[in-house]
Amino acid sequence: MMKLDRLSNFPEEILMHILRFMETKHAIQTSVLSKQWTNLWTKVPSLYIDADSFHNVDAFVSFLHGLIVHYAAPEIFSCKFVCSEDDLEHGIFTAIVSYANLKKVKCLSIHCPSLISTAPPQIFSCRYLLTLSLTGCAYEFPDPFYCALLRSICLDGVFIDNDIFMYCPNLERCFIMDCLVSDLSIIVIKAPKLVKLDIQCARLDDNPPEEMVVHIEAPVIESLCLHFDCDSYIDLSLDGCPNLLEYAWIDIYDDSMFEKIQDVIQRRKYALKLVDFLKDNVSDVRSLTFSPGTLKVLYEFPELVKNLPSPFHNLKSLQLYLDTKNQPAVIPPEVETFLVGASPNSSEILEVFRVWQ
């Protein structure tokens, strides 16, 4: 009994939607399934190109040539390029980005953690980009970096300059992970429509400065996640941010960094700056999380908050991560009152997690 091919009976729109989730090389191979599948991949407005799935460079180049010749979609909504080889010719990389740019790509994702050559400047001239994701490789951002429609950007393991988003007026989400900052003394981020900012493990060089300023201007920001794993004191400031935060994760102090500061007056100065930041910038936050390093600063100088009323009137969730090895099991009462004293249900919103560092 012949089996019924129910999949091919689906409308063409549904079949194309299925192909969007496949690597393009595999999508091309579906042309042999039936007449309905023949060349259907050429209409799919998405490309997923994985150079690692080819045995050698010649096979990959041949594939790209056939792709460009037969691809018929007038525009590309999303293009993803993956390559972990460090010997890919720069011209091939440039050709892929230029082709996506020609097709008015909206969402561009490039994952090349081992590529040592500088990425082509065509990446930053895609006028229709809505989302951009860059991992690895050496990206030289133009000055200025102008991308009027860009709404979301994710930078992972790349080299970035300060204030690179000032000409991205519609940027709403920004993720910066394990990036090397050009000016080691200051990070400036200005974005008038930025709603979510996530900075994790911004790397410094072998001679980090004693103090690094992180200056953020985002008048409508709602979610802020800051995690710095470095030997510099982080002087954090939110300018023009009218306390609209829904969520904040504060992990800006490394235990080893704080322990290296021998001057008690200097340590107290840093603790006071943290208290001022919490009062002035995140007092209306609804969900707040502290790392062990940040808590250590508050624990050492609980007298700084002893007579202060709790500024967190809207707090619904507070998560504290304690270093079981180096921090006391009991939260100093002055610190606990400062953090949850303004909440009528303090026992319900406070969660303490013990970690071993």
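Criteria and cut-off values
- Residues numbered from 1 in each chain as written.
- Predicted model: local features only at pLDDT ≥ 70, side-chain atom pairs only at ≥ 80, totals over all residues.
- Heavy atoms only, no water.
- Buried < 20%, exposed > 50% of the residue type's maximum accessible area, 1.4 Å probe, protein only.
- Helix = DSSP H or I, 4+ residues; strand = E, 2+ residues; numbered from the N terminus.
- Pairing = 2+ DSSP bridges.
- Contact = heavy atoms within 4.5 Å.
- Arc of directions from axis to C-beta.
- Phe/Tyr/Trp six-rings, centres within 6.5 Å; stacked < 30°, edge-to-face > 60°.
- Expected span 1.5 Å × (residues − 1).
- Axes fitted to C-alpha atoms, helices over the stretch in contact; angles between N-to-C directions.
- Parallel < 35°, antiparallel > 145°, perpendicular 65-115°, else oblique.
- Nonpolar A, V, L, I, M, F, W, Y, C, P; charged D, E, K, R; others polar.
- Left-handed = near helix turned anticlockwise from the far one by under 90°.
- Polar contact = N/O pair within 3.5 Å; in protein donor to acceptor, adjacent residues only side chain to side chain.
- Core = buried A, V, L, I, M, F, W, Y, C linked by side-chain atoms within 4.5 Å.
- Patch = residues over 30% accessible without salt bridge, like charges linked within 9 Å, V, L, I, M, F, W, Y side chains within 5 Å.
- Areas by Shrake-Rupley, 256 points an atom, 1.4 Å probe, with all protein chains shown as cover.
- Salt bridge = Lys/Arg side-chain N within 4 Å of Asp/Glu carboxyl O.
- Right-handed = clockwise from strand over helix to strand, strands pointing away.

Asker: Help me understand the pairing of strand S7 (residues 173-177), please; the structure alone is not making it clear to me.
Answerer: One face of the sheet, then the other: side chains in a regular strand alternate in exactly this way. The alternating pattern of S7 places Cys-174 and Ile-176 on a buried face, while none of Arg-173, Phe-175 and Met-177, on the opposite face, is buried. Relative to S7, strand S5 (residues 152-156) runs parallel, the two sharing five bridges. Across the sheet, Asp-156 pairs through a bridge with Met-177, a residue of S7.

Asker: Just checking my understanding: could you explain the environment of Ala-73 for this structure?
Answerer: If you trace the backbone, Ala-73 turns up in the loop between helix H3 (57-70) and strand S2 (78-82). For the pair formed by Ala-73 and Ser-46, sequence separation is 27 residues and the distance between their alpha carbons is 8.8 Å. Excluding residues that lie within four positions of it along the chain, Ala-73 makes contacts with Thr-42, Lys-43, Val-44, Pro-45 and Lys-103.

Asker: How do you make sense of helix H1 (residues 12-19) when you look at a structure like this?
Answerer: One turn of the α-helix equals 3.6 residues, which is why residues spaced by three or four share an orientation. Of all the positions in H1, only Leu-15, Met-16 and Leu-19 are classed as buried. The buried side chains of H1 occupy one side of the element, clustering within an arc of 100° when seen end-on. The elements touched by buried residues of H1 are helix H2 (24-29).

Asker: How should I be thinking about the packing of aromatic side chains in this particular structure?
Answerer: Think of a pair of aromatic rings as described by two things: how far the centres are apart, and how the planes are tilted against each other in angle. Under the defined criterion, the tally for this structure stands at eight aromatic pairs. Judged by centre distance (5.6 Å) and plane angle (40°), the ring pair of Trp-249 and Tyr-321 falls under tilted. Here Trp-249 is found in strand S14 (residues 247-251), whereas its partner Tyr-321 is found in strand S16 (residues 317-323), with 72 residues between them in sequence. Relative to Phe-338, the ring of Phe-312 lies with its centre 5.9 Å away and its plane at 75°, an arrangement referred to as edge-to-face.

Asker: Help me out: how do you make sense of unusual backbone geometry in this one?
Answerer: Negative phi is the rule for most residues except glycine; trans is the rule for most peptide bonds. Phi at Asn-39 takes a positive value of approximately 60°, unusual for a residue other than glycine. In this model, Lys-104 sits at a positive phi of 55°, which is unusual for a non-glycine residue. According to the relative accessible area criterion, Lys-104 is partly exposed, its value standing at 33%.

Asker: Would you take a moment to explain helix H6 (residues 264-281) for this structure?
Answerer: The first and last C-alpha atoms of H6 sit 25 Å apart over 18 residues, in line with the 26 Å expected at 1.5 Å per residue. Taken as a whole, H6 has its buried residues at Gln-266, Arg-267, Tyr-270, Ala-271, Leu-274, Val-275, Phe-277, Leu-278 and Asn-281.

Asker: Before we go on, may I ask you to explain the packing of H6 against helix H7 (residues 292-300) in this structure?
Answerer: How two helices sit against one another is set out by the angle between their axes and by the gap between those axes. Remark: H6 packs on H7, axes separated minimally by 9 Å, with the N-to-C direction vectors making an angle of 110°. The angle between H6 and H7 places the two elements in the roughly perpendicular class. Residue-level contacts link Arg-267, Tyr-270, Ala-271, Leu-274, Val-275 and Leu-278 of H6 to Thr-294, Val-297, Leu-298 and Glu-300 of H7. Of the residues belonging to the contact of H6 with H7, the class tally is seven nonpolar, one polar and two charged.

Asker: So what exactly am I meant to see when it comes to the packing of H3 against helix H4 (residues 90-102) here?
Answerer: Interhelical geometry of H3 versus H4 gives an angle of 20° and a closest axis separation of 12 Å. Looking at the two axes, H3 sits roughly parallel to H4. Relative to H4, H3 is oriented so that their crossing is left-handed. Contact residues: H3 offers Val-57, Phe-60, Val-61, Leu-64 and Ile-68, while H4 offers Ile-92, Ile-96 and Tyr-99.

Asker: Where do I start with the side chain of Ser-310 in this structure?
Answerer: Take Ser-310: it is sitting in the loop between H7 and S16. For Ser-310, a relative accessible area of 8% corresponds to the buried category. At 3.4 Å, the side chain of Ser-310 and the backbone nitrogen of Phe-312 are in polar contact. A polar contact is formed between the side chain of Ser-310 and the backbone oxygen of Phe-338, at a distance of 2.7 Å. Residue contacts for Ser-310: discarding those within four places in its chain leaves Thr-337, Phe-338, Leu-339, Val-340, Gly-341 and Ala-342.

Asker: How should I be thinking about the nonpolar core in this particular structure?
Answerer: Grouped burial of nonpolar side chains is what soluble globular proteins tend to show. Phe-60 and Phe-81 are the most contacted members of the largest nonpolar core, which has 101 residues in total. Top contributing element to this core by residue count: H4, with six residues.

Asker: Would you explain a nonpolar patch on the surface in this entry?
Answerer: Taken together, Phe-10, Ile-14 and Ile-18 make up a surface patch of nonpolar side chains, about 230 Å² in accessible area. Mapped onto the elements, Ile-18 comes out in helix H1.

Asker: How should I be thinking about the side chain of Ser-152 in this particular structure?
Answerer: Among the secondary structure elements, Ser-152 is positioned in strand S5. Discounting residues that sit within four places of it in the chain, Ser-152 has contacts with Leu-130, Thr-131, Leu-132, Leu-171, Arg-173 and Phe-175.

Asker: Would you take a moment to explain the pairing of S2 for this structure?
Answerer: Of the strand pairs in this sheet, strand S1 (residues 46-50) and S2 are connected by five bridges, and their pairing is parallel. Its bridge partner lying in S2, Ile-49 is registered against Phe-81. Where the polypeptide runs from S1 across H3 and back to S2, its parallel neighbour, the crossover connection is right-handed. Strand direction decides the pairing type here: S2 and strand S3 (residues 107-112), joined by five bridges, are parallel. Note that in S3 the partner of Phe-81 across the bridge is Ile-110.

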